[in-house]
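Letter by letter, the chains look like this.
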Amino acid sequence: MVNYQDTVDQSDRKVPINLRQSGPTPTELLISTRVRKSPFWHLSHEAGCWRATVYNRIYHPRGYVRPEDGGAMVEYHALVNHVTLWNVAVERQIRVAGPDAEVFVNYVITRDATRIRPMSGRYVILCNEKGGILNDPVLLRLSEDEFWFSLSDSDIMFWLQGVNVGMKADVEIDEIDVCPLQVQGPKSADLMADLVGEEVRDMPSYGLMEARVAGCDVVVSQTGFTGEKGYEFYLRDSTLDAEKLWNAILEAGKAHDLMVIAPAHHRRIAAGILSWGQDMDAETLPFQCNLGYQVPRLKEADYVGKARLEEVRALIEAGRPPFGLTLVGLVLGGKPIEDYAPDFWLISGPDGGEPVGYVTSPWYSPELETNIAMGYVPCAMAALETEVKIWLPEQYSPQPGRPVDGRVVELPFRPSVNPNAREIARAEGRDTAY
C-alpha cells in the first residue's frame with residue numbers, strides 16, 4: 001500500500017496522521033467490560049441502534065436507520081425538520097469544585113474563565129505546553145466555585161488532576177454521575193417547553209437552568225452539536241434515573257414527531273463545528289483549525305500553553321507559520337457521501353499530482369446539493385476558491401482511479417440557527433485567524 005507521508009507535509013508532527021487509506025475494517029466490535037456502557041445504552045438499543053463506535057471509552061450509538069431504509073439521511077431529515085433525541089452520554093462530565101475553582105479553570109483553558117457567569121457556559125479549548133489542543137469541551141459554570149467540563153473524545157480528567165499536583169489549587173477534580181442527552185431540531189423549543197416550562201424559550205445560547213423532569217434533577221443548557229436550535233439535558237444521578245428521563249422525553253416527543261438518532265455529523269460539518277480526534281488532536285495548534293479566536297490577545301492571567309501560543313501567533317504574523325497544513329472548508333464532486341468516512345481521503349493540487357493534504361470530515365449537504373468537507377491543505381492553498389483534486393473511494397467516485405474536482409470555500413457552509421462560538425465571535429468582530 002502506498003504511503004503518502006512523504007508528499008503530505010507533516011514535518012511539524014511527532015506522530016503523522018495515518019494516510020495509508022486502509023479502508024473499513026470488516027471485524028466484529030467486541031463488547032467487553034473494558035469499555036463502559038452508558039446508562040442510556042440499553043435504551044438506544046430499544047430505539048433501534050444498530051451500530052456504534054467507541055468515544056471516551058464508552059460505546060457510542062452511531063446509527064438507528066439502516067442503509068436499506070435510507071440511513072443517516074433519514075435521521076438528518078428528522079433533525080432539520082422536526083426534533084431529535086441523541087444519546088451523548090459519552091460526553092463525560094468532569095467537575096472542578098472548590099474555593100480555587102475559577103483560578104484553576106482559568107489556568108487550564110485559553111479563554112478567560114472570570115468572564116463566565118454562574119449558570120452559563122462556553123465552548124473552550126485546553127492546550128498543552130506546546131499549544132496542541134487536548135480537548136474542546138463545553139464548559140458549564142454551575143456556581144462561583146463549581147465548573148463542569150463536558151468532554152470531547154480525550155481523557156482530560158487525568159490531565160486536570162496531574163496539573164493540580166503541581167498547582168495545588170484548593171479544588172476537587174472528579175468525574176461525576178451526570179450524563180447528557182441532546183434534544184435538537186426546529187421543534188426542540190416546543191418540546192422543551194412541554195418538559196421544563198415556557199421559560200426555556202428565553203434561555204440564551206450557552207445559558208443554563210436547573211429543572212426537574214419526571215422526578216429527575218437535570219441541568220438544561222441551550223447547546224448542541226448541530227447548528228440547529230437545540231438543548232442538552234445533563235441528568236444528575238444518571239445511573240439511577242436514566243430510564244425515567246429518556247421515557248419522559250419520548251412520551252412528550254410524540255406530539256412533536258420526535259425521532260431518536262445518532263449525532264448528525266453531516267449537520268455539524270455544515271455548521272463548521274469541529275470534532276476532536278477527527279478534525280484536530282493534541283498536535284494541532286488552534287491557529288491551524290479556525291480556533292484562533294479561542295486564544296485571546298488580552299488575557300492577562302497565565303495559562304497552560306500561553307507562551308507557545310503567543311510565540312506561534314507572532315510567527316504567523318511574521319509570515320512564518322510553524323505548521324505546513326491548515327484546515328479549510330471544501331465543496332467537492334463525486335457521488336453523494338451519505339455515511340461516515342473510514343479514512344482520511346487525500347487532496348492534490350489542481351493538477352491532480354501527488355497528494356498534499358487530506359480530508360477529515362466529508363458528507364453530502366442536501367441544502368447545498370453537493371458534497372462538503374473539512375480538510376487540511378498547505379497554507380499556500382488555503383485561499384478561498386482555490387481549486388483542488390480529491391481522491392474519493394470507489395463507491396463515491398464517478399471514475400474510479402481519478403480524483404474529483406473540489407475548491408476551498410468559507411466555513412461554515414450554511415448559517416446556524418443556534419450559532420457556534422466561532423460564528424458569534426465573527427458577528428462581534430473577534431474572529432481572526434490569529
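Scroll up to find the structure this text is about.
Since the model is a prediction, treat every value here as computed from it, not as a measurement.

**Notes on a nonpolar patch on the surface**
On the surface, a nonpolar cluster with roughly 240 Å² of combined accessible area is contributed by Leu 29, Ile 31 and Val 54. In this structure, Val 54 sits in strand E1 (residues 51-55). Judged by its relative accessible area of 35%, Val 54 is partly exposed.

**So, the nonpolar core**
Core analysis: the largest hydrophobic core is formed by 56 residues, its most contacted members being Ile 133, Trp 148, Met 280, Cys 289, Leu 291 and Tyr 358. Elements with a contribution of two residues or more to this core: helix H2 (72-81), strand E8 (138-143), helix H7 (265-270), helix H8 (306-317), strand E16 (325-332), strand E18 (357-365) and strand E19 (370-378). The element best represented in this core is H2, accounting for 5 residues. Setting aside its immediate chain neighbours within four residues, Tyr 358 contacts Val 8, Ile 17, Leu 19, Leu 325, Phe 344, Trp 345, Leu 346, Ile 347, Gly 375 and Tyr 376. Judged by nonpolar contacts, the second largest core, of 36 residues, contains Leu 85, Val 196, Ala 211 and Leu 245.

**Looking at the environment of Leu 142**
Considering the arrangement of structural elements, one finds Leu 142 in strand E8. Using a relative accessible area of 10% as the deciding quantity, one classes Leu 142 as buried. Sequence spacing of Leu 142 and Pro 366 is 224 residues, and the spatial spacing of their C-alpha atoms is 38 Å. What Leu 142 contacts, discounting residues up to four positions off in sequence, is Pro 118, Met 119, Trp 148, Glu 210, Val 219 and Arg 236.

**Some details on the sheet that holds strand E17 (residues 346-348)**
Taken in spatial order, the 6 strands close into a barrel running E16-E19-E18-E17-E20-E21, and their pairing is antiparallel. Each strand axis lies, on average, 45° off the axis of its neighbour in the sheet, ignoring direction. Both E18 and E19 contribute to a ladder of 7 bridges, which runs antiparallel. Within E19, the residue paired with Ser 361 across the bridge is Met 374.

**Some words on the sheet that holds strand E10 (residues 172-175)**
The antiparallel open sheet is built from 5 strands, whose spatial order is E5-E8-E9-E4-E10. If you trace the sheet from one side to the other, it starts and ends with strand E5 (120-123) and E10, each paired once. Recorded for the sheet is a direction-independent mean angle of 20° between the axes of neighbouring strands. As paired elements, strand E4 (residues 93-97) and strand E9 (residues 146-150) share 5 bridges and run antiparallel to each other. Looking at E9, one finds that Ala 97 is bridged to Glu 146.

Procedures and definitions
Within any chain, residue numbers begin from 1 and follow the written order of that chain's sequence. The model is predicted, so local features are restricted to residues of pLDDT at least 70 and side-chain atom pairs to those at 80 or more, both for listing and for counting; the totals for chains, interfaces and linings are taken over all residues. Working from all heavy atoms in the structure, the side-chain values ignore hydrogens and water. For patch detection, residues must exceed 30% relative accessible area and be free of salt bridges, and they are connected within 9 Å for like charges or within 5 Å for nonpolar side chains (Val, Leu, Ile, Met, Phe, Trp, Tyr). We get accessible surface area from the Shrake-Rupley algorithm with a probe of 1.4 Å; when it comes to residues, only the shown protein chains can shield them. Here, a salt bridge means any side-chain nitrogen of Lys or Arg that lies within 4 Å of a carboxyl oxygen of Asp or Glu. What counts as a helix is a DSSP run of H or I of at least four residues, what counts as a strand is a run of E of at least two, and both are numbered from the N terminus. For the exposure calls, accessible area comes from a 1.4 Å probe over protein chains only, and a residue counts as buried if that area is under 20% of its type's maximum, exposed if over 50%, partly exposed in between. Residues belong to one nonpolar core when they are buried, are Ala, Val, Leu, Ile, Met, Phe, Trp, Tyr or Cys, and are joined through side-chain atoms within 4.5 Å. Contact definition: two residues touch when any of their heavy atoms are within 4.5 Å. Each pair of strands is called paired provided DSSP finds at least two bridges between the two strands. Working convention: axes come from line fits to C-alpha atoms, limited for helices to the stretch in contact. Angles between N-to-C directions cover 0 to 180 degrees.

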